[in-house]
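# Chains, contacts and geometry: an overview
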Amino acid sequence: MGPHPAVAAIRLAVRRVLHDLLNEASRTNSYAGSGTAARGRTAEPAPAPGDTPHERRPSPLVLVACSGGADSMALASALAFEAPKLGIRAGGITVDHGLQPGSDLRAQEVVLRLRELGLDPVEATAVTVGREGGPEAAARDARYAALDAGAERHGACAVLLGHTRDDQAETVLLGLARGSGIRSLSGMAAVSGGPGAARRYRRPFLELDRQTARKACMVQSLPVWDDPHNADPAYTRSRLRQEGLPALEKALGKGVVEALARTAQLSRDDADALDTWARQAEASVRDTAGLLECAKLYALPPAVRRRILRQAAIEAGAPAGSLFARHIEEVDRLITGWRGQGAINLPGKVVAQRQGGRLVIRQG
């Protein structure tokens, strides 16, 4: 008799991601044997040039980011089960945000649970949460910074995150409420990362609902911790989770979460295509000095033009997380609604102004 359907689902999702990692490693000549791993046998790392047969590199390491909640504990259990069969080392990291009394003790409890699953290395890392962008954004920034540092410290090739289809639906609705455009509606990517590690983060559960992860923990007798912040109405996402989505399902019927997640994927495909178009078009709208020519920008479709303007603002020093659609719309009016208006102030002390048919975006 096989595992419970919920357990089978989470393991399959993780197995697919691990196979992807092995295949990517094989393509970059970092590791060999992904073909045998795909058939269920242990993958053996390839020797580096000049290595002797006895000087093989260690197996790739994959970390799971675990808060102790149902989603990330289910993910940790699936990683612990699947990774050894593929010759992959599995570890874990939990981030102590220090936002609640006893958070350090809970972090150590998570470390013990991960070790009981057989993960190694495992660590807890404490962070200081700032205030920029609001409490949720500040906590997220601190968390990802800690995960990046942990991955670098341990030489991990990937970090698995436990975001589910429900999280994706919430992200789409939050983006819709902000009016941030199609990229915001695309939600979270299955594969993402920052500069230098563009594919570090993997989200195996984006096609699974939150209930599946919780059920998998229950049937495996995995203890989970329910973060009270997830039910605290002071947080926007919590209100959406507790009130907004249930109200939508009551009004529109079941299937809202699945539809929103599907919208995210369709929006991501469109946004990726437009981003590619914008990158290809950018060189054609600059003069020999590298300045943006307003007439050539005007001739582009608005979606492509605004992407070029946004990227130019970021390159000038505007923080991407603080640059909203309304900022880009104001800059865009220097192109499409020119009436001699003055400079536009952007986040990061960046200024955009029109000068002699050119758009200049620079530090003010």
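Every value quoted in this text rests on a predicted model; they were computed, and no experiment measured them. (Residues numbered from 1 in each chain as written. Predicted model: local features only at pLDDT ≥ 70, side-chain atom pairs only at ≥ 80, totals over all residues. Heavy atoms only, no water.)

### Examining the overall build of the chain
Scanning the chain from terminus to terminus reveals 13 helices and 10 strands. Overall size of the chain, expressed as C-alpha extent along the three principal axes, is 70 × 60 × 40 Å. In the chain, buried positions account for 45% of the 364 residues. Taking all contacts inside the chain whose residues are at least 6 apart in sequence as the whole, residues at least 24 apart take part in 64%. Split by element, the accessible area of the chain, about 18,700 Å² in all, is 53% carbon and sulfur. (Helix = DSSP H or I, 4+ residues; strand = E, 2+ residues; numbered from the N terminus. Buried < 20%, exposed > 50% of the residue type's maximum accessible area, 1.4 Å probe, protein only. Contact = heavy atoms within 4.5 Å. Areas by Shrake-Rupley, 256 points an atom, 1.4 Å probe, with all protein chains shown as cover.)

### Topic: the sheet that holds strand β3 (residues 122-126)
What holds strands together in a sheet is hydrogen bonding between their backbones, with the strands either parallel or antiparallel. Strand order in this open sheet of six strands is β3-β2-β1-β4-β6-β5, and the pairing throughout is mixed. In this open sheet, the two edge strands, each paired with only one partner strand, are β3 and β5 (191-192). Taken together, the two bridges between β5 and strand β6 (residues 201-202) define a ladder with antiparallel strand orientation. Across the sheet, Ser192 pairs through a bridge with Tyr201, a residue of β6. In the packing of helix α5 (residues 135-154) onto the sheet, contacts are made with β1 (61-65), β2 (89-96), β3, β4 (158-160) and β6, and the angle to β2 comes to roughly 145 degrees. (Pairing = 2+ DSSP bridges. Axes fitted to C-alpha atoms, helices over the stretch in contact; angles between N-to-C directions.)

### Quick word on the sheet that holds strand β8 (residues 344-346)
In spatial order, the strands read β7-β10-β9-β8; together these four strands make up an open sheet with antiparallel pairing. Bordering the open sheet on either side are β7 (292-293) and β8, each of which pairs with just one other strand. Sheet topology note: the β7/strand β10 (residues 358-363) ladder contains two bridges and is antiparallel. Looking at β10, one finds that Leu292 is bridged to Leu359.

### Looking at the pattern of salt bridges
A complete count under the given rule lists 25 salt bridges for this structure. Taking the shortest distance from any N to any O, the salt bridge between Arg165 and Asp209 comes out at 3.7 Å. Of this pair, Arg165 sits in helix α6 (residues 165-178) while Asp209 sits in the loop between β6 and α8 (210-219), and the two are 44 residues apart along the sequence. With relative accessibility at 18%, the residue Arg165 sits in the buried group. A relative accessible area of 24% places Asp209 in the partly exposed class. A salt bridge links Glu282 to Arg286; the shortest N-O distance between them is 2.8 Å. (Salt bridge = Lys/Arg side-chain N within 4 Å of Asp/Glu carboxyl O.)

### A few points about the nonpolar core
Among the nonpolar cores identified, the biggest contains 37 residues, and Val14, Leu18, Leu79, Leu119 and Phe205 are the most heavily contacted of them. Of all the elements in the fold, those that place two or more residues in this core are α1 (5-27), β1, α3 (70-82), α4 (103-116), β4 and α8. Sorting elements by how many residues they give to this core places α1 first, with nine residues. Those residues in contact with Leu119, other than ones at most four positions away along the chain, are Val64, Ala76, Ala80, Ala90, Gly91, Gly92 and Leu114. (Core = buried A, V, L, I, M, F, W, Y, C linked by side-chain atoms within 4.5 Å.)

### Brief notes about the side chain of Ser238
Turning to its location among the elements, Ser238 is positioned in helix α9 (residues 236-252). Residue classification places Ser238 among the buried positions, given a relative accessible area of 4%. Of the polar contacts made by the side chain of Ser238, one reaches the backbone oxygen of Asn230; its length is 3.3 Å. Separated by 3.4 Å, the side chain of Ser238 and the backbone oxygen of Asp232 make a polar contact. In this view, Ser238 contacts His229, Asn230, Ala231 and Asp232; residues no more than four positions away in its chain are not counted. (Polar contact = N/O pair within 3.5 Å; in protein donor to acceptor, adjacent residues only side chain to side chain.)

### Topic: the state of the cysteines
Chemically, a disulfide is nothing more than a covalent bond linking the sulfur atoms of two cysteines. Under the criterion given, the structure shown has zero disulfides. For the unlinked cysteine Cys157, the closest cysteine sulfur is that of Cys66, found at 18 Å. Residue Cys157 is classed as partly exposed on the basis of its relative accessible area of 36%. Looking at the unpaired Cys217, the closest cysteine sulfur is the one in Cys66, lying at 8.7 Å. Assessed through its relative accessible area of 2%, Cys217 is described here as buried. (Disulfide = S-S within 2.5 Å.)

### What to know about the packing of α1 against α3
Where α1 contacts α3, the two axes come as close as 9 Å, and the packing angle between them is 60 degrees. Comparing the axis directions of α1 and α3 gives the class oblique. You can see that α1 and α3 cross each other, and the crossing is right-handed. Contacts between α1 and α3 involve Ile10, Arg11, Val14, Arg15 and Leu18 on the former and, on the latter, Ala74, Leu75, Ser77, Ala78, Leu79, Phe81 and Glu82. Looking at the contact of α1 with α3 residue by residue, the class counts come to eight nonpolar, one polar and three charged. (Parallel < 35°, antiparallel > 145°, perpendicular 65-115°, else oblique. Left-handed = near helix turned anticlockwise from the far one by under 90°. Nonpolar A, V, L, I, M, F, W, Y, C, P; charged D, E, K, R; others polar.)

### A few points about helix α10 (residues 256-282)
Here α10 spans 38 Å end to end across 27 residues, near enough to the 39 Å set by a 1.5 Å rise per residue. In this structure, the buried residues of α10 make contact with α6, α7 (182-185), α9 and α12 (302-316). (Expected span 1.5 Å × (residues − 1).)

### Digging into unusual backbone geometry
Here the residue pair Asp120 and Pro121 is connected by a cis peptide bond, since its omega of 5 degrees sits within 30 degrees of zero. Structurally, Pro121 can be placed in the loop between α4 and β3. A positive phi is found at Lys349, a non-glycine position, where the angle reads about 60 degrees. In this fold, Lys349 is placed in the loop between β8 and β9 (350-355). Owing to a relative accessible area of 69%, Lys349 belongs among the exposed residues under this scheme.

Function cannot be read off these values alone, since they describe shape.
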